[in-house]
Amino acid sequence: MSEGIDAQAGLDVTSFYQPDLARIVKKVRMTESMVLLGIQREDRQPLGHEPGQFLQVSLPGYGEAPISLCSSPTQLDSFELCVQAVGNLSMAVHDLRPGDFMGVRGPYGNGFPVADMQGHDVLLVAGGIGIAPLKSLIDYILHRRGEFERVIIIYGARTPSDLLFRDELDRWQAMTNVETFITIDSPTGDWDGLTGVATVPLRALAIEPANTVAAVVGPPAMYRFVAFELFEKQIPHENIFFSLERRFKCGMGKCGHCQLNDLYVCQDGPVFRYTDLVGRSEAMEVWAPEDED
Ligand SMILES: Cc1cc2nc3c(=O)[nH]c(=O)nc-3n(C[C@H](O)[C@H](O)[C@H](O)COP(=O)(O)OP(=O)(O)OC[C@H]3O[C@@H](n4cnc5c(N)ncnc54)[C@H](O)[C@@H]3O)c2cc1C
Ligand code: FES
């Protein structure tokens, strides 16, 4: 949020939509369509975000879009965004280089309930580029590993070349106090790991349901099936969290563009407790299992 003076009116005004400048300090190509950007605010202050929150990212002439933070708030000197080239803004972001600037507003939204997870087993399920926002939570949990019980990560990607954060995946797999399952829908080349969608390792998992909190991020098509497995495992519905995606404009609960029934996804979410979605027909249409009330 930036403050300023309206010269004509002579009044103090505050523009909530004015982005702050942030400088790209690192750019790593992760796949054909994804780049990871390390970014620093001009004042070098930490963002103070929660895992699961997003920034409104902008470039003059190209527009603005919500992008999830994929670094942990415990990383103080810079933050990271993982951007898929799909349209105007994201393609222009792909052309940026270290030293270039972008506009950022935020952090906004409702993140993952870290406090509800402390002292419990955490089950983290990502599909596709859903691993980007979930990585912020995973890094946070691993940074404070002693505060959580079992940590289980399930990540499904379409092909081996779609896998993001390969160095981190190797690190998580090597850790003895983290259970990591990486699965590929359509194995190609020399892939010798798990095959099938994310629900395959999920179904085979033995858990203590009453002590488990689950966080799920992925394409809406995956939610129906993951939710079914989590319900089958008897995880209490209030312990299940989903991150939803909608098209945003303001990103801060002002314009109503992202509305699902009485919820603003940008402000009440993007992370929702499952029980807060039940009974809201538009939200349930996105992904809910057909047998749910
Ligand atoms: C909470 C949240 C977090 C997100 N996090 C990330 C992230 O971490 N990384 C990431 O890469 N993306 C993320 N996204 C998605 C990203 O915001 C969108 O892909 C965004 O539209 C990209 O902007 P763009 O200008 O590049 O593309 P756009 O020009 O907006 O086009 C994107 C795609 O949407 C289609 N489209 C354009 N306008 C419309 C419309 N009105 N209705 C339907 N479809 C349309 C286009 O044809 C194209 O396929 C997130 C979205 C949300 C809501
Ligand atoms: S995008 Fe404006 S209210 Fe959510």
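Calculation rules
- Residues numbered from 1 in each chain as written.
- Chains lettered and ligands numbered in written order.
- Predicted model: local features only at pLDDT ≥ 70, side-chain atom pairs only at ≥ 80, totals over all residues.
- Helix = DSSP H or I, 4+ residues; strand = E, 2+ residues; numbered from the N terminus.
- Rg over C-alpha atoms; globule rule 2.2 N^0.38 Å.
- Buried ≥ 20, exposed ≤ 12 C-beta atoms within 10 Å, placed from the backbone.
- Contact = placed C-beta atoms within 7 Å.
- Domains from an automatic or database assignment.
- Nonpolar A, V, L, I, M, F, W, Y, C, P; charged D, E, K, R; others polar.
- Near = placed C-beta within 6 Å.
- Pairing = 2+ DSSP bridges.
- Axes fitted to C-alpha atoms, helices over the stretch in contact; angles between N-to-C directions.
- Core = buried A, V, L, I, M, F, W, Y, C linked by C-beta atoms within 7 Å.
- pLDDT = per-residue confidence, 0-100.
- Expected span 1.5 Å × (residues − 1).
- Arc of directions from axis to C-beta.

### Here we look at the overall build of the chain
At step 1: Along the backbone of the chain there are nine helices and 17 strands.
At step 2: The C-alpha atoms of the chain give a radius of gyration of 19 Å, which matches the 19 Å a tight globule of 293 residues would have.
At step 3: The buried share among the 293 residues of the chain stands at 40%.
At step 4: The contacts of the chain with a sequence gap of at least 6 include a subset with a gap of at least 24, amounting to 67%.

### Structural notes on the domain arrangement of the chain
It is common to report an interface's size as the accessible area lost on association of the parts.
At step 1: Assigned domains within the chain: domain 1 (2-108) and domain 2 (114-287).
At step 2: With centres defined by C-alpha atoms, the gap from domain 1 to domain 2 works out at 24 Å.
At step 3: Of all the secondary-structure elements, those providing two or more residues to the side of domain 1 that touches domain 2 are strand 5 (54-59), strand 6 (63-68), strand 7 (79-84) and strand 8 (101-108).
At step 4: Counting residues per element, the side of domain 1 that touches domain 2 draws most heavily on strand 8, at three residues.
At step 5: For the side of domain 1 that touches domain 2, the residue count by class is eleven nonpolar, nine polar and one charged.

### Here's the deal with the site of ligand 1
At step 1: In the neighbourhood of ligand 1, 21 residues make up the surrounding shell, with A65, Q84, G87, L89 and S90 lying closest.
At step 2: If you list the elements that add at least two residues to the shell around ligand 1, you get strand 6, strand 7, helix 1 (88-94) and helix 3 (131-143).
At step 3: Each residue belonging to the shell around ligand 1 can be placed in one class, and the counts come to twelve nonpolar, six polar and three charged.
At step 4: When residues of the shell around ligand 1 are assigned to domains, at least three fall in each of domain 1 (2-108) and domain 2 (114-287).

### Thoughts on the sheet that holds strand 12 (residues 194-195)
To summarise the sheet geometry, strands pair through backbone hydrogen bonds and adopt either a parallel or an antiparallel arrangement.
At step 1: Strand order across the open sheet formed by seven strands is 12-11-10-9-13-14-17, with mixed pairing between neighbours. If you trace the sheet from one side to the other, it starts and ends with strand 12 and strand 17 (271-273), each paired once.
At step 2: Where strand 9 (residues 121-127) meets strand 13 (residues 212-217), six bridges bridge the pair, whose relative direction is parallel. Looking at strand 13, one finds that L123 is bridged to A214.

### Focus: the sheet that holds strand 5
At step 1: The sheet built from six strands is open, its strands ordered 6-5-8-3-4-7 with antiparallel pairing. Here the strands that pair on one side only, and so sit at the sheet edges, are strand 6 and strand 7. Here the strands of the sheet are splayed against their neighbours by 40° on average, with no regard to which way each runs.

### Quick look at the nonpolar core
Inside soluble globular proteins, nonpolar side chains tend to come together where they are buried.
At step 1: Among the nonpolar cores identified, the biggest contains 76 residues, and L124, V125 and A214 are the most heavily contacted of them.
At step 2: Here the element with the most residues in this core is helix 3; it accounts for seven residues.
At step 3: Among residues more than four places away in sequence, those in contact with A214 are L123, V125, L230, I235, N239, I240 and F241.

### Here we look at the environment of D170
At step 1: For D170, the position within the fold is in helix 4 (residues 166-174).
At step 2: Judged by the 11 C-beta atoms lying within 10 Å of it, D170 is exposed.
At step 3: On a C-alpha basis, the gap between D170 and L205 in space is 21 Å, while along the polypeptide they are 35 residues apart.

### Examining the confidence of the model for the chain
At step 1: When the pLDDT values of the chain are averaged, the result is 91; 92% of them are 70 or greater.
At step 2: Looking across the chain, the model is least confident in strand 1 (residues 2-6), with a mean pLDDT of 42, and most confident in strand 9, with 98.
At step 3: Low pLDDT, under 50, characterises residues 1-7; the stretch is placed with twelve contacts to residues that sit more than four places away or in other chains.

### Overview of helix 6 (residues 220-232)
At step 1: Between its first and last C-alpha, helix 6 extends 19 Å over 13 residues, near the 18 Å set by a 1.5 Å rise per residue.
At step 2: Buried within helix 6 are the following residues: M222, Y223, V226, A227 and L230. Down the axis of helix 6, the buried side of the element spans an arc of 130°, and every buried residue falls inside it.
At step 3: One or two steps after helix 6, the chain reaches Q234, where phi turns positive at roughly 70°.

### Structural notes on the pairing of strand 3 (residues 20-29)
At step 1: Judged from the four bridges that link them, strand 3 and strand 8 form a sheet pairing that is antiparallel. Bridge assignment links A22 to a residue of strand 8, and that residue is M102.
At step 2: Direction of pairing for strand 3 relative to strand 4 (residues 34-41): antiparallel, over a ladder of seven bridges. Its bridge partner lying in strand 4, R29 is registered against V35.

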